[in-house]
Amino acid sequence: MQLTTKAIVLSSLKYGDTSLIVKAFTVSDGVKPYLLRGVLASKKGKLKSAYFQPLTQLEIVANHRNKGALESIREAKIHYPYQTLHSDISKNAMTMFLSEMLANSIHEEEPNPSLFEFIEVSLQWLDTQVDFANFHIYFLIRLTKYLGFYPDTEQMGASCFDLLEGEFIDTPSLNPILSGENLTYFKTFLGINFDGIHHIKMNKGNRQELLRSLVLFYELHLQGFRKPKSLAILNEVFN
């Protein structure tokens, strides 16, 4: 079936000398894998390799056979042209990290328009910002709401957060927990919207420690989740 849909690129892998295997999150069908034959060699075709950088927002005309195999894209155009996301070194590092997190977290081949809209709008917001060092922290916490393991906030006054159970507790168990400054920042992020990100003042050590805990939170709640390789690069850029 041929259809037109918005899509966000999650990953792009070179296949052979001239082709790409692209994983994209679509409005119409959730996550879809595509084989783009010859796209690296063609200069005049309707598909350009530059369109398939991580988290690029596209409108595509695709053939979906829905048989579990690689699909094909007939046409693609930029839906939202980023101004800074791929050109700013710090934003590019954040983009690489978030694309890995999303690729490792979203696997369903079924529509999820609310999740798509959240990712789409969040990335457009990031593209316009100057002060964005806390963006990925807030984004990952909000993303858990769409993935089904958003923190239970009923007991937010408690002294710990149990990462395995996903709830605030006063008596630590043997499970990994958040406590101290890490917990304080975590609670603050739970109580804000995007416009409040700028007001949270964290040093690089606090930010890296909380980010490590969030990646562990994902590992504990998503089967088959793999820690992103780009995490080290992100920490280096923001060091």
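Since we're looking at a predicted model, the values are computed, not measured.

*Asks:* Give me the lowdown on unusual backbone geometry, citing residues and values where you can.
*Replies:* Backbone geometry places L55, a non-glycine residue, at a positive phi of 70 degrees. For L55, the location among the structural elements is in the loop between β3 (30–36) and β4 (57–63). Taking the relative accessible area as the measure of exposure, L55 reaches 0% and is therefore buried. The phi dihedral of N66 is positive, around 55 degrees, even though this residue is not glycine.

*Asks:* Quick one: what's the story with the layout of surface pockets, residue by residue and with numbers?
*Replies:* Here the idea is plain: a probe the size of a water molecule rolls over the atoms and shows the empty space left. When its volume is computed, the largest pocket comes out at roughly 210 Å³. Lining the largest pocket are L10, S11, K23, S99, E100, A103, N104, H107, R226, K227, P228 and K229. Broken down by secondary-structure element, the contributors of at least two residues to the lining of the largest pocket are β1 (2–15) and α1 (89–105). It is α1 that provides the largest number of residues to the lining of the largest pocket, a total of 4 residues.

*Asks:* How would you explain the pattern of salt bridges if you had to name every residue and give the values?
*Replies:* With the rule as written, the count across this model stands at 4 salt bridges. Measuring nitrogen to oxygen at the nearest pair gives 2.9 Å for the salt bridge that ties K6 to E120. Separated by 114 residues along the polypeptide, K6 in strand β1 and E120 in helix α2 (residues 113–127) bring together distant segments of the chain. The class of K6 is partly exposed, set by a relative accessible area of 26%. With relative accessibility at 9%, the residue E120 sits in the buried group. When the shortest N-O distance is used, the salt bridge between E109 and K32 registers 3.0 Å. Highlighted residues: E109 in the loop between α1 and α2 and K32 in strand β3, separated in sequence by 77 residues.

*Asks:* Can you tell me about the environment of T171, naming the residues and giving the values?
*Replies:* For T171, the position within the fold is in the loop between β7 (167–169) and β8 (177–178). Its relative accessible area of 63% is what places T171 among the exposed residues. For the pair T171 and C160, spaced 11 residues apart in sequence, the C-alpha to C-alpha distance is 7.6 Å.

*Asks:* Hey, could you go over the environment of S11 for me, with residue numbers and the actual values?
*Replies:* Topologically, S11 is positioned in strand β1. Considering only alpha carbons, one finds S11 and V22, 11 residues apart in sequence, at a separation of 5.7 Å. Setting aside its immediate chain neighbours within four residues, S11 contacts I21, V22 and K23.

*Asks:* Now, about the UniProt feature "domain: DNA replication/recombination mediator RecO N-terminal" (unreviewed entry) in the protein chain: what can you tell me, with residues and values included?
*Replies:* As annotated in UniProt, the feature "domain: DNA replication/recombination mediator RecO N-terminal" (unreviewed entry) corresponds to residues 1–81 in the numbering used here. Along residues 1–81 the backbone is 0% helical and 56% strand, and the end-to-end C-alpha distance reaches 28 Å.

*Asks:* Before we move on, could you go through the packing of α1 against helix α3 (residues 135–147) and cite the residues and values that matter?
*Replies:* For the pair α1 and α3, the least separation of the axes is 12 Å and the interaxial angle reads 15 degrees. What the angle tells us is that α1 and α3 run roughly parallel. Every pair of crossing elements has a handedness; the one defined by α1 and α3 is right-handed. Here M94, F97, L98, M101, L102 and S105 of α1 lie close against α3, whose contacting residues are F135, H136, F139, L140, L143 and L147. For the contact of α1 with α3, the per-class residue count stands at 10 nonpolar, 2 polar and no charged.

*Asks:* Residues and numbers for the packing of aromatic side chains, please.
*Replies:* All told, the structure shown has 16 aromatic pairs when counted by the stated rule. Seen from their ring centres, F118 and F139 are 5.1 Å apart, and the 15 degrees between their planes marks the pair as stacked. Placement of F118 in helix α2 and of F139 in helix α3 is noted, with a sequence separation of 21 residues between them. Of the two residues, F118 and F139, both sit in the buried class. Geometrically, the ring pair formed by F161 and F186 is tilted, given 4.8 Å between the ring centres and 50 degrees between the ring planes. With F161 in strand β6 (residues 160–162) and F186 in helix α4 (residues 180–190), this pair connects stretches of sequence that are 25 residues apart. As far as burial versus exposure is concerned, F161 and F186 are alike and both buried. Grouped by ring-pair contacts, the aromatic residues F118, W125, F135, Y138, F139, Y146 and F194 constitute a single cluster. Here K91 stacks its cationic end above the ring of F132, 5.2 Å away from the centre of that ring. A cation over an aromatic ring shows up here: K145 above the ring of Y150, its NZ or CZ 4.6 Å from the ring centre.

Cut-offs applied
- Residues numbered from 1 in each chain as written.
- Predicted model: local features only at pLDDT ≥ 70, side-chain atom pairs only at ≥ 80, totals over all residues.
- Heavy atoms only, no water.
- Helix = DSSP H or I, 4+ residues; strand = E, 2+ residues; numbered from the N terminus.
- Buried < 20%, exposed > 50% of the residue type's maximum accessible area, 1.4 Å probe, protein only.
- 1 Å grid on protein atoms, 1.4 Å probe; cavity = no way out; pocket = protein on both sides within 12 Å on 5 of 7 lines; lining within 4 Å.
- Points joined across faces, edges and corners; volume = space filled by probe spheres on them.
- Salt bridge = Lys/Arg side-chain N within 4 Å of Asp/Glu carboxyl O.
- Contact = heavy atoms within 4.5 Å.
- UniProt positions renumbered as here; feature names shortened; annotations may be inferred.
- Axes fitted to C-alpha atoms, helices over the stretch in contact; angles between N-to-C directions.
- Parallel < 35°, antiparallel > 145°, perpendicular 65-115°, else oblique.
- Left-handed = near helix turned anticlockwise from the far one by under 90°.
- Nonpolar A, V, L, I, M, F, W, Y, C, P; charged D, E, K, R; others polar.
- Phe/Tyr/Trp six-rings, centres within 6.5 Å; stacked < 30°, edge-to-face > 60°.
- Lys NZ or Arg CZ within 6 Å of the ring centre and 35° of its normal.

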